[in-house]
Amino acid sequence: MENPLINQNIEALKVQNEQLKAQLMATSLINEITKVMLASKDLDAVFRTSALGIKETLGYERVIIFKIDPQEGVLRPYLWEGFDNKELANIEIPLGFTGGEIIDAIFLNKPVIVDTIDKSDPLVPLATKGFVAFP
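Below or above, wherever it landed, is the structure these notes cover. Bear in mind the structure is a predicted one, so any value in this text is a computation, not a measurement. (Residues numbered from 1 in each chain as written. Predicted model: local features only at pLDDT ≥ 70, side-chain atom pairs only at ≥ 80, totals over all residues. Heavy atoms only, no water.)

1. Here we look at the overall build of the protein
- When helices and strands are tallied, the protein shows four helices and five strands.
- Along the protein, helices (α) and strands (β) appear in the sequence α-α-β-β-α-β-α-β-β when read from the amino end.
- Here the C-alpha radius of gyration of the protein, 20 Å, is well above what a compact globule of 135 residues would show, namely 14 Å.
- Over its C-alpha atoms, taken along the principal directions, the protein stretches across nearly 75 × 40 × 30 Å. (Helix = DSSP H or I, 4+ residues; strand = E, 2+ residues; numbered from the N terminus. Rg over C-alpha atoms; globule rule 2.2 N^0.38 Å.)

Take a look at the structure:
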């Protein structure tokens, strides 16, 4: 005869086991990314590895690393994963009050989570539903 309490405990253990596996995989990936970053003398390779690592470790579909263009006073896509080149061709984010949440993350020096994009946000052409901006 089956014991419902034992079955519940088995299911709970299975869930915990899957969570531990995911955490172990993320930790291993972070460790490997760190090794590549420390061994690389090429800054582009470090940023490319970072973008891939963020995408894989955090489970994001797409990642953009922006670079400041000081002459124009804007952020421009520098490296990306999960985007088509055409999607990013005209994306630039002004370094000012109209720069949206990404600029807020930079000036506040903390991550900003955006669940719904405002129609005035510079990222609207990317047809994304939400994003996380890291300074």
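2. Looking at the pattern of salt bridges
- The full count for this structure, using the stated rule, is six salt bridges.
- Two residues, E11 and K14, come together in a salt bridge whose shortest N-O distance is 3.7 Å. Residue E11 and its partner K14 are both found in helix α1 (residues 4-39); the two are separated by three residues, about one turn of the helix.
- Taking the shortest distance from any N to any O, the salt bridge between R76 and E92 comes out at 2.8 Å. Residue R76 is found in strand β2 (residues 74-81), and its partner E92 is found in the loop between α3 (85-88) and β3 (93-94); the two are separated by 16 residues along the sequence.
- With a relative accessible area of 29%, R76 lands in the partly exposed category.
- Owing to a relative accessible area of 37%, E92 belongs among the partly exposed residues under this scheme. (Salt bridge = Lys/Arg side-chain N within 4 Å of Asp/Glu carboxyl O. Buried < 20%, exposed > 50% of the residue type's maximum accessible area, 1.4 Å probe, protein only.)

3. Examining the environment of N85
- Mapped onto the secondary structure, N85 falls in helix α3.
- In the structure, N85 is positioned 30 residues away from K55 in sequence and 17 Å away in space, judged by C-alpha atoms.
- A polar atom in the side chain of N85 sits 3.2 Å from the side chain of W80. (Polar contact = N/O pair within 3.5 Å; in protein donor to acceptor, adjacent residues only side chain to side chain.)

The quantities given are spatial measurements derived from coordinates; they are silent on function.
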